[in-house]
Amino acid sequence: MYNFSFVEKSAQNSTNLTLEQLKSFSPNMLRAHLSKLTNKKISFISEFPYIGRGNVLREKLIDTEKLNNEIDKILK
């Protein structure tokens, strides 16, 4: 079983950020940092359980690019 300090060290090592930086970053800041670090597009996905209702919003989730395009259409 891992202890929490191991998880913290692993997070720091894999992101090249200090623990204080990790705690202060917003999800968007962290996504931008990780995208730059890995040269890959980072996106969030929805995971839902097989038992029960699941994620009722799963069909409504969109990626940042599509969201930005929709906002641009509204603002025009």
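Residues numbered from 1 in each chain as written. Predicted model: local features only at pLDDT ≥ 70, side-chain atom pairs only at ≥ 80, totals over all residues. Heavy atoms only, no water.

What to know about the environment of His-33
As for its position among the elements, His-33 is in helix α3 (residues 27-38). On a C-alpha basis, the gap between His-33 and Asn-16 in space is 9.5 Å, while along the polypeptide they are 17 residues apart. Apart from residues no more than four positions distant in its own chain, His-33 is found in contact with Thr-15, Leu-17 and Phe-25. (Helix = DSSP H or I, 4+ residues; strand = E, 2+ residues; numbered from the N terminus. Contact = heavy atoms within 4.5 Å.)

Considering unusual backbone geometry
Glycine aside, residues mostly have negative phi angles, and peptide bonds mostly take the trans form. Residues other than glycine seldom take positive phi values, yet Asn-16 does so here, at roughly 60 degrees. Mapped onto the elements of the fold, Asn-16 is located in the loop between α1 (4-15) and α2 (19-24). For Asn-39, which is not glycine, the phi torsion reads 55 degrees and is therefore positive. Mapped onto the fold, Asn-39 is located in the loop between α3 and α4 (64-75). With a relative accessible area of 69%, Asn-39 lands in the exposed category. (Buried < 20%, exposed > 50% of the residue type's maximum accessible area, 1.4 Å probe, protein only.)

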